[in-house]
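Architecture and fold: a report
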Amino acid sequence: MNDDVIPLLKMHEYFRSASDEALREVASLARVTQHATGDVVHEANAPLTTVGFVLRGRLKAVRIDARGGASLFRMIERGEQFGMMVGALTEPVPIRVVALEPTTVLNLDYEEAMELTFRHPDLRRLWLSTFSGGLRKHFFGAAPKRAPMVLALIHESPAARAVAGQLIARLRGLGEKLAIFSDSNYWQNLPDVPFRALRVDGQDLETEEIRRQAVAWHDVNRIVFDLHADTTPERMSRLLEIADRAVYFVPATHSGAAVQRLRALDVPAHGWRDKIGIAWLLEGESSVAPVTPGLRDLIARDFKIAGAPPKFPLGRALTAGLERLVHDLRGVRIGVALGGGAARGMSHLGILKALEDQGIVVDMIAGTSAGAMTGVVYASGLDSDYSAHQFANDLRPSWVFRRLPRGDHWYLLYKYRRGHFDPMLRRYLHDWHLEQLSVPCLTVTVDLVSGSPVVRDQGDATHAVLESINLPVLSVPIVRGGQALIDGGLANNIPADVLVARGCNFVIAVSVTAKMEKAFCAITPETHSHTGKKPTVVQTLLRSLLVQNHILNAQGVLPADVVIETDVCGFDLTAFTQAKEMAAIGRAAGLDALPRIRQLLHRLDPQLFAPVG
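Residues numbered from 1 in each chain as written. Predicted model: local features only at pLDDT ≥ 70, side-chain atom pairs only at ≥ 80, totals over all residues. Heavy atoms only, no water.

Under an unreviewed UniProt entry, the protein has the name PNPLA domain-containing protein and belongs to Gemmata massiliana. Per UniProt, the protein has the following entry under Sequence similarities (unreviewed entry): "Belongs to the NTE family." (UniProt positions renumbered as here; feature names shortened; annotations may be inferred.)

Let's shift gears to the pairing of strand β12 (residues 178-182). Counting buried positions along β12 gives 5 out of 5 residues, so the element sits mostly inside the fold. With burial as the criterion, each face of β12 is covered, one bearing L178, I180 and S182 and the other bearing A179 and F181. For β12 and strand β16 (residues 222-228), the ladder comprises 5 bridges, and the chain directions are parallel. Following the sheet pairing, L178 is matched in β16 by R222. Of the strand pairs in this sheet, β12 and strand β13 (residues 195-197) are connected by 3 bridges, and their pairing is parallel. Bridge pairing links F181 to R196 in β13. (Buried < 20%, exposed > 50% of the residue type's maximum accessible area, 1.4 Å probe, protein only. Helix = DSSP H or I, 4+ residues; strand = E, 2+ residues; numbered from the N terminus. Pairing = 2+ DSSP bridges.)

Among the residues of helix α9 (residues 255-264), those classed as buried are S255, A258, V259 and L262. Down the axis of α9, the smallest arc covering the buried residues is 95°, so these residues share one side. Buried residues in α9 make contact with β17 (245-251), α10 (267-270) and β18 (276-281). Where α9 terminates, the next one or two residues include D266, which has phi positive at roughly 55°. (Arc of directions from axis to C-beta. Contact = heavy atoms within 4.5 Å.)

Now for the state of the cysteines. Under the defined criterion, the tally for this structure stands at 0 disulfides. Of the cysteine sulfurs around C441, a residue in no disulfide, the closest is that of C504, at 11 Å. By relative accessible area, C504 is classed as buried at 6%. (Disulfide = S-S within 2.5 Å.)

Bringing the domain arrangement of the protein into the picture now. You can read the domains of the protein as domain 1 (3-140), domain 2 (149-308) and domain 3 (333-524 + 533-604). Put simply, the middle of domain 1 and the middle of domain 2, counted by C-alpha atoms, are 28 Å apart. On the domain 2 side, the residues contacting the 12 residues of domain 1 number 16 residues. Overall, the association of domain 1 and domain 2 removes approximately 1200 Å² of surface from exposure, summing both partners, and the carbon and sulfur fraction of that is 49%. Taken as a group, M11, R16 and R78 account for 43% of the area that domain 1 buries against domain 2, more than any other trio of residues on that side. The interface formed by domain 1 and domain 2 holds 3 salt bridges in total. Summed over the shared surface of domain 1 and domain 2, the result is 3 residue pairs in polar contact (both at pLDDT 80 or more). Each residue belonging to the side of domain 1 that touches domain 2 can be placed in one class, and the counts come to 5 nonpolar, 1 polar and 6 charged. (Domains from an automatic or database assignment. Buried area = accessible area lost by both parts, 1.4 Å probe. Salt bridge = Lys/Arg side-chain N within 4 Å of Asp/Glu carboxyl O. Polar contact = N/O pair within 3.5 Å; in protein donor to acceptor, adjacent residues only side chain to side chain. Nonpolar A, V, L, I, M, F, W, Y, C, P; charged D, E, K, R; others polar.)

So, on to the side chain of K304. Locating K304 in the fold gives a position in strand β19 (residues 301-305). Of the polar contacts made by the side chain of K304, one reaches the side chain of D302; its length is 3.0 Å. Polar contacts involving the side chain of K304 include one to the main-chain carbonyl oxygen of L437, which spans 3.0 Å. Leaving out residues up to four positions away in the same chain, K304 has contacts with W280, L282, A289, L318, G321, E435, Q436, L437 and S438.

The amide bond that connects F312 to the next residue, P313, takes the cis arrangement and shows omega of 15°. Looking at the secondary structure, you find P313 in the loop between β19 and α11 (321-329). Positive phi outside glycine occurs at N45, with the angle close to 65°. One non-glycine residue with positive phi stands out, namely A342, at about 55°.

If you trace the backbone, T33 turns up in strand β1 (residues 31-35). Of the polar contacts made by the side chain of T33, one reaches the side chain of H35; its length is 2.8 Å. Engagement of the side chain of T33 in a polar contact is seen with the side chain of N107, the distance being 3.1 Å. With sequence-adjacent residues up to four places away left out, T33 is seen in contact with T103, T104, V105 and N107.

Applying the stated rule across the entire model yields 3 cavities of 30 Å³ or more. Reported here for the second largest cavity is a volume of approximately 60 Å³. In terms of lining residues, the second largest cavity is bounded by V377, L382, Y386, S387, Q390, F391, L425 and Y428. Where the lining of the second largest cavity is concerned, the elements lending two or more residues are α14 (384-394) and α17 (421-429). By residue number, the principal contributor to the lining of the second largest cavity is α14, which donates 4 residues. Each residue belonging to the lining of the second largest cavity can be placed in one class, and the counts come to 6 nonpolar, 2 polar and no charged. (1 Å grid on protein atoms, 1.4 Å probe; cavity = no way out; pocket = protein on both sides within 12 Å on 5 of 7 lines; lining within 4 Å. Points joined across faces, edges and corners; volume = space filled by probe spheres on them.)

Looking at where G271 falls in the secondary structure, it is placed in the loop between α10 and β18. Placed 169 residues apart in sequence, G271 and P102 show a C-alpha to C-alpha distance of 7.5 Å. Beyond its immediate stretch of four places on either side in the chain, G271 contacts T37, R58, L100 and E101.

Another point: a negative patch on the surface. A contiguous patch of negative charge on the surface is contributed by D109, E111, E112 and E115. Take the negative patch: its biggest share by element is 3 residues, from helix α3 (residues 110-119). Mapped onto the fold, E111 is located in helix α3. (Patch = residues over 30% accessible without salt bridge, like charges linked within 9 Å, V, L, I, M, F, W, Y side chains within 5 Å. Areas by Shrake-Rupley, 256 points an atom, 1.4 Å probe, with all protein chains shown as cover. Lys, Arg positive; Asp, Glu negative; His and termini not counted. Charge placed at Lys NZ, Arg CZ, Asp CG, Glu CD.)

With respect to the secondary-structure elements, M85 resides in the loop between β7 (81-82) and β8 (92-93). Given a relative accessible area of 45%, M85 falls into the partly exposed group.

Interhelical geometry of α14 versus α17 gives an angle of 155° and a closest axis separation of 12 Å. Taken together, the axes of α14 and α17 lie roughly antiparallel to each other. Two packed elements cross with a definite hand, and for α14 against α17 that hand is right-handed. Residue-level contacts link Y386, Q390, F391 and D394 of α14 to M424, R427 and Y428 of α17. Of the residues belonging to the contact of α14 with α17, the class tally is 4 nonpolar, 1 polar and 2 charged. (Axes fitted to C-alpha atoms, helices over the stretch in contact; angles between N-to-C directions. Parallel < 35°, antiparallel > 145°, perpendicular 65-115°, else oblique. Left-handed = near helix turned anticlockwise from the far one by under 90°.)

Following this line, the structure appears as structure tokens:
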């Protein structure tokens, strides 16, 4: 068993620098178990008497409550452990651990593991320092990053290696020490990057030799497998078993071939979906990826990498696809939650502009109501300043309404009742789907049938916005797919929790309703009798939603690392014509929050977010 286990231990975070003597003793005492996809590695409410070290594969730990409900506790990747602290309790724990893919676990009896640390001080120091790295969230307010150690880069076309070259250069620029296995000589002459050919004289390098070489590269941070997509499915499967993450570089015109190759690998059966991502190489001036039915069953995430610099009115969000991929490979995912607030939500555009101007690349957006509208428009690639200008123009009441008392309210009602928001948004979003957009974007709506929030992450982008902004009374529910959908602000006005559930480990929540004026239709706390005009139905509805959003905010921002509150209470809830002024306030609020954001991001990844000189 030693011959098989020791090479794997030398690549494990908890054993990488341990002495050979300690490794031999670990191998002699341990029990190695193999788990197929879906196997229960530890059942809930059973005592955990061992420490499990994941040598291959991935596990998911879920917490089981008193009613039998399950919630995610943590993901356990290769190089991590479970039971090191819980084992000291010697009592049942309400945690079920399940294999997400074929997984190899090295198990040490808890008491024997503790004895080992006394006999080998180097092992004790290593375990303590590695375990403490996982506590960064508790001590420093920043979640630990988990950078995959073994990365597979797969190319659908030879031209894709140039983009992979940019990725490798960026990782090296961040101080990563890389070593590369490849079926091409493209990487052979990179300075200070060890290289090994995957094919020599027409023969594939054997798996055992790959493992031996990987162990010999003991001083590297990341081992990269670089290969063409026409590698045989059998060979590709063996390499994907070794890899922690895989990135498939695909020209947008080759989407059909990419799906066929992934299906040939039988990705769902192997449990590899969560480790595979696609980097779409957009060609020419295209700003969106292709619609690819069935792709979500095969991959967990995708990245859009622009083929040419964007032309106005497209903005810089389109150029950040490669940096989003770098974030992902470094274990970083920055999410921005945009809250509802009617016209005041136009200030979101300024927040996004401030982050963009300061080089903070957003990896995911979740929006409710006005936050959904501004978030989706930004995710489509449109420049924020341009969007603010267009919203002001497109939502300016016509001549007739400008001459009516409270004409802006009647105009908003008219826009809803006549269905004018759909054609207005399609001028910019066309028939694009959410999954095509350059920035992953989610929208929140509420289903009156189930009484639950609904999160959209795919499907027609315009429909997703219309559902989320669909104000009751101003409009009837949108009936689609057995659901009756209304404004998402009724249930989740600032969807920071949605981003956390999707894997974001740094969340910025933006509230445009945290600050609320203490006045309504000339009624103030000092008003003892109101003699003016009575509030209209539209005014009452909008004020009611504002109060509800204000109350919900306290709950919505709880999962966020940073909360930005824009002071736009001086603007009427229907004042879309002042979108540019509100965006300017949002930009100023975003810039004010930048020092705190940079400080926390630096803790999350000091190299990726180095201090600005």
